[in-house]
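Reading the structure
Below are the chains, spelled out letter by letter.
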Amino acid sequence: MNISDKNNNKNVIVFDLSDNSDLGEEGYEIDINKNNVKVTAQKPAGLFYGIQTLLQLLPPEIYSQNSVQHSDVKLTIPCCKITDKPRFPWRGMHLDVSRHFFPAEFIKRYIDLIAMHKMNIFHWHLTDDNGWRIEIKKYPKLTGKSAWRVDREDVPWREVTPPEPGEKATYGGFYTQEEIKEIVQYAAERFITIIPEIEMPGHTSEVFAAYPEFSCKGKDLYVQPGSYWPNVDIFCAGKEETFKFIEDVLLEVIELFPSEYVHIGGDEADKTRWRECNLCQQRIKNERLKDEDELQSYFIKRIEKFLNEHGKKLIGWDEILEGGLAPEATVMSWRGIKGGVEAAQQGHDVIMCPTSFCYFDYYQANPDFEPEAIGGFLTLKKVYSFDPVPEELNKVQKKHILGAQGNVWTEYIPTPEHAEYMALPRMTALAEVVWSHTDAKDWKCFQNRLQVQFKRFDFMNVNYSRGYWKVTIHPIMDSGIYQVELESEQFNIPIYYTLDGSDPTPQSTLYKKPLKITNSTVIKAGLFLDGDIKEYYSEKEILFHIGIGKNAELAIQPSRKYEAHGAMSLVDGLKGSDSYRDGYWLGFEGDDMIFELDLGKEIQISSITASFYQNTGAWIFMPEKVIFEILDAGRNKVERSVLKPESTLEVKGVVIEDISAKFNNETARYIKVHAKNIAKIPGWHEGAGSKAWIFVDEVIVN
Ligand code: ACM
Ligand code: ZN
């Protein structure tokens, strides 16, 4: 556009900071007509978001990293009027740089991605058990030692072994204070605030590799090359020196980061050492605390006081509620929304990032075809459906929900490209959750617009996930009728499938409605565009049996992390794979699995088979025994069978064992399967005495 005509307001782009208080801190207006483009905002951030919208109105080539040569791209922009402002002030993305280290250049690119999504917070998880990543001048060993671990990058995270004697720590890295200043400035230019996170009192074992004196035991540790659980070595809350160390660190952090908030972690602090430590116990006595939870609360309150005295506010993960919340603390609710609800009811500010909607380290598509992830299952559609404001809060409490953020933990994310893959396009869905007002959200419309977003990503060379292009094969059970649904999150692209084991082609059957399956079969299904399959097809074996779709219940619920679809998953015709994190297995931590099935009427039973998983490296063991029972319609016991697994607990690696009870065609209405957990991990194992897991999937009734 030629700006020489600006006197008559023709062919100009005008940016106007005006006193329109309706637009708030971040809102903007755009008015585009034949003669000019006008962007109005009350604050500079609003103008910045107006520019992001202008970029979105231009062809996707505008995002190209190189100048676009072909002349057929016209940089035109449609005439329109827009008034826009965000729903939430906290629109965040998190990145864990401890589990894997990402270079400063990538951090800037991540910030660019956050900015193009009109998000405004980058939560930088700088310290954790696997490496300390921020230069602290007063404690040089934090970067000399705590930032480095032995290199196990060629081994999947869950199989990583501890260092060998004398082995050199060569994997890691850290950001110098100069780099951090530059990144903070880079973010500020894009209206992004960086929230630094310094973990305490737990997730700190890497500190003790350099400064063991701040732990309870005072014994030096190695920086962990993987996750060993539970992580018992945490800051000693009894020693004054610990607080001096943390305050010194925080003083340097405060200098570097202009943000109003400092995140102090607070999650998953195992209290074993505190229970054994004389100094910690002395502190509990002196401060008249009830227990170790109150000691944690004392710890956090003390740090909050320090931060407040230095003009900062404290944020912590929802565990900081335990033992009593610090007076001004803001809570980040990750273990569901419960912590957030409680905090808001107590009048505290809250940021929502429940695992079920905001953990972008979870699988985003069928785990059979995805790079290994930490577990879980969080599709794009599910992210899009999130509403950060819980219904149960009243009007005043709802105001405490500042917004939401997506969390990218990097145990299973070793490279920048992989981080992009996990973050995108889920970040795009979350961006709309935190910006758009509820009545403006529309999944179909989003899917349609997303096609253009993908083109922008292509021009930016972003490695976004195509998980969205795959078909999910999942059972639906409605009034005792079992059907299998094929679903894709893609927009209006046909699915073709086969049931005979052959690979699907555009000549296969077009999917129209859920399939009634009455025999064991293999389903293969793919998305086809212009005669070509998109990505690759999905495949699932359905094991048909008489228990499928019947009414199932569990007396004890599985662990939140491994709950699949609850009891129903045990009779859905789908068996877990050799990965216990695949979303089909149900995991019970220390508890028994007590399952009951109502067949609806009396039926002849010849066998019941339950499959169990063992991987002692992941603390998963075969059950001690399995009790099978069949009952008649009057709930009288017909028969009972008690079986023990054949695999011993000492077998290494993955074992899947089918344990099968035979019945002589007896009639039964109810079926009970009780798998008895060994409960405590045996003495020879590294986790001796901790809770053992059992994993089960599919109870097959014939
Ligand atoms: C967390 O995911 N441990 C906050
Ligand atoms: Zn202690």
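Before reading on, note that the structure itself is shown above.
Each value, and the rule that gives it
Residues numbered from 1 in each chain as written. Chains lettered and ligands numbered in written order. Predicted model: local features only at pLDDT ≥ 70, side-chain atom pairs only at ≥ 80, totals over all residues. Heavy atoms only, no water. Helix = DSSP H or I, 4+ residues; strand = E, 2+ residues; numbered from the N terminus. Buried < 20%, exposed > 50% of the residue type's maximum accessible area, 1.4 Å probe, protein only. Donors = N, O, S within 2.8 Å, 3.2 Å for Na, K, Ca; no water. Tetrahedral: all angles 85-135°; square planar, octahedral: opposite > 155°, others 65-115°. Expected span 1.5 Å × (residues − 1). Phe/Tyr/Trp six-rings, centres within 6.5 Å; stacked < 30°, edge-to-face > 60°. Patch = residues over 30% accessible without salt bridge, like charges linked within 9 Å, V, L, I, M, F, W, Y side chains within 5 Å. Areas by Shrake-Rupley, 256 points an atom, 1.4 Å probe, with all protein chains shown as cover. Salt bridge = Lys/Arg side-chain N within 4 Å of Asp/Glu carboxyl O. Pairing = 2+ DSSP bridges. Axes fitted to C-alpha atoms, helices over the stretch in contact; angles between N-to-C directions. Contact = heavy atoms within 4.5 Å. Bend = angle between axes of the 7 residues up to and from the residue. Polar contact = N/O pair within 3.5 Å; in protein donor to acceptor, adjacent residues only side chain to side chain.

A short note on unusual backbone geometry
Trans is the common state for peptide bonds, and a negative phi is the common state for residues other than glycine. Of note, the amide linkage connecting M200 to P201 takes the cis form, showing an omega dihedral of -10 degrees. Summarising the element assignment, P201 is placed in the loop between strand 11 (193-200) and helix 5 (207-210). A cis amide bond links L424 to the next residue, P425, at an omega of 10 degrees. Counting through the fold element by element, P425 comes out in the loop between helix 14 (416-423) and helix 15 (426-435). One non-glycine residue, R288, lies in the positive phi region at around 50 degrees. If you trace the backbone, R288 turns up in the loop between helix 8 (278-286) and helix 9 (292-309). Backbone geometry places R635, a non-glycine residue, at a positive phi of 65 degrees. Using a relative accessible area of 41% as the deciding quantity, one classes R635 as partly exposed.

Focus on the coordination of the zinc ion (ligand 2)
At this site the zinc ion (ligand 2) is bound by C216 (SG), C236 (SG), C277 (SG) and C280 (SG), with donor distances of 2.3 to 2.4 Å. Coordination geometry of the zinc ion (ligand 2): the 4 donor atoms subtend angles of 105 to 114 degrees at the metal centre, consistent with an arrangement described as tetrahedral. Written as a sequence motif, the donor arrangement for the zinc ion (ligand 2) is C-x19-C-x40-C-x2-C. Residue C216 is located in the loop between helix 5 and helix 6 (240-256), and its partner C277 is located in the loop between helix 7 (272-276) and helix 8; the two are separated by 61 residues in the primary sequence. You can call C277 buried: its relative accessible area is 8%.

Considerations on helix 1 (residues 44-57)
For helix 1, spanning 14 residues, the distance from its first C-alpha to its last is 20 Å, which sits close to the expected 20 Å at 1.5 Å a residue. Within helix 1, burial applies to A45, G46, L47, F48, Y49, G50, Q52, T53 and L54.

So, the packing of aromatic side chains
Tallied over the entire structure, the rule returns 42 aromatic pairs. With 5.3 Å between their ring centres and 45 degrees between their planes, F48 and F191 make a pair best called tilted. Of this pair, F48 sits in helix 1 while F191 is found in the loop between helix 4 (177-188) and strand 11, placing the two residues 143 residues apart along the sequence. With 4.7 Å between their ring centres and 20 degrees between their planes, F357 and F386 make a pair best called stacked.

Let's talk about a nonpolar patch on the surface
Residues I13, F15 and I51 make up a contiguous nonpolar surface patch of roughly 250 Å² in combined accessible area. On the basis of relative accessible area, I51 is assigned to the partly exposed category, the value being 32%.

Concerning the pairing of strand 25 (residues 551-554)
With burial as the criterion, only one face of strand 25 is covered, namely that bearing A552 and L554; the residues N551 and E553 on the opposite face remain uncovered. Alignment of strand 25 against strand 27 (residues 593-614), held across 4 bridges, turns out to be antiparallel. Across the sheet, the residue bridging to N551 is D598, located in strand 27.

As for the sheet that holds strand 15 (residues 350-352)
Taken together, the 8 strands give a closed barrel; going around it, the order is 5-6-11-12-13-14-15-16, and neighbouring strands pair in parallel fashion. Mean inter-strand twist for the sheet, computed between neighbouring axes without regard to direction, equals 30 degrees. Contacting strand 11 and strand 12 (261-265), helix 6 runs over the sheet at an angle of about 170 degrees to strand 11.

As for helix 16 (residues 443-459)
Along an α-helix, residues three or four positions apart point the same way, because every turn accommodates 3.6 residues. An ideal rise of 1.5 Å per residue puts 24 Å on 17 residues; helix 16 measures up with 24 Å between its terminal C-alpha atoms. Of all the bends in helix 16, the greatest measures close to 30 degrees and is centred on Q451. Every buried residue belonging to helix 16 is among W443, F446, Q447, L450, Q453, F454, R456 and F457, and all of these are buried. Residues of helix 16 that are buried sit in contact with helix 1, helix 2 (104-116), helix 12 (380-384) and helix 15. Where helix 16 starts, the residue carrying a side-chain oxygen 3.0 Å from the main-chain nitrogen of K444 turns out to be D442. One or two residues past the end of helix 16 sits N461, with phi positive at roughly 55 degrees.

Some points on the side chain of R99
Examined against the element boundaries, R99 turns out to sit in the loop between strand 5 (90-96) and helix 2. Since its relative accessible area comes to 5%, R99 is described here as buried. A distance of 3.0 Å separates the side chain of R99 from the side chain of D96, its partner in a polar contact. At 3.4 Å, the side chain of R99 forms a polar contact with the side chain of D128. Those residues in contact with R99 that lie beyond four places of it in its chain are H125, D128, N130, R149, W157, H203, W409, T410 and E411.

So, the sheet that holds strand 17 (residues 472-478)
In sheet architecture, strand pairing relies on hydrogen bonds along the backbone and comes in two forms, parallel and antiparallel. Taking strand neighbours across the sheet as the criterion, the 3 strands line up as 17-18-21 in an open arrangement whose pairing is antiparallel. The open sheet is flanked by strand 17 and strand 21 (515-516), the only strands paired with a single partner. In terms of strand pairing, strand 18 (residues 481-487) meets strand 21 through 2 bridges, oriented antiparallel. Of the residues in strand 21, the one forming a bridge with V484 is L515.

Quick look at the pairing of strand 3 (residues 36-41)
The buried fraction of strand 3 amounts to 5 of the 6 residues, a majority that puts the element mostly inside the structure. Here strand 1 (residues 12-17) pairs with strand 3 via 6 bridges, running parallel. By the bridge assignment for strand 3, D16 is matched with T40. Both strand 2 (residues 28-32) and strand 3 contribute to a ladder of 4 bridges, which runs antiparallel. Directly across from I32, in strand 3, lies its bridge partner V37. What sits between strand 2 and strand 3 in their antiparallel hairpin is a turn of 3 residues.

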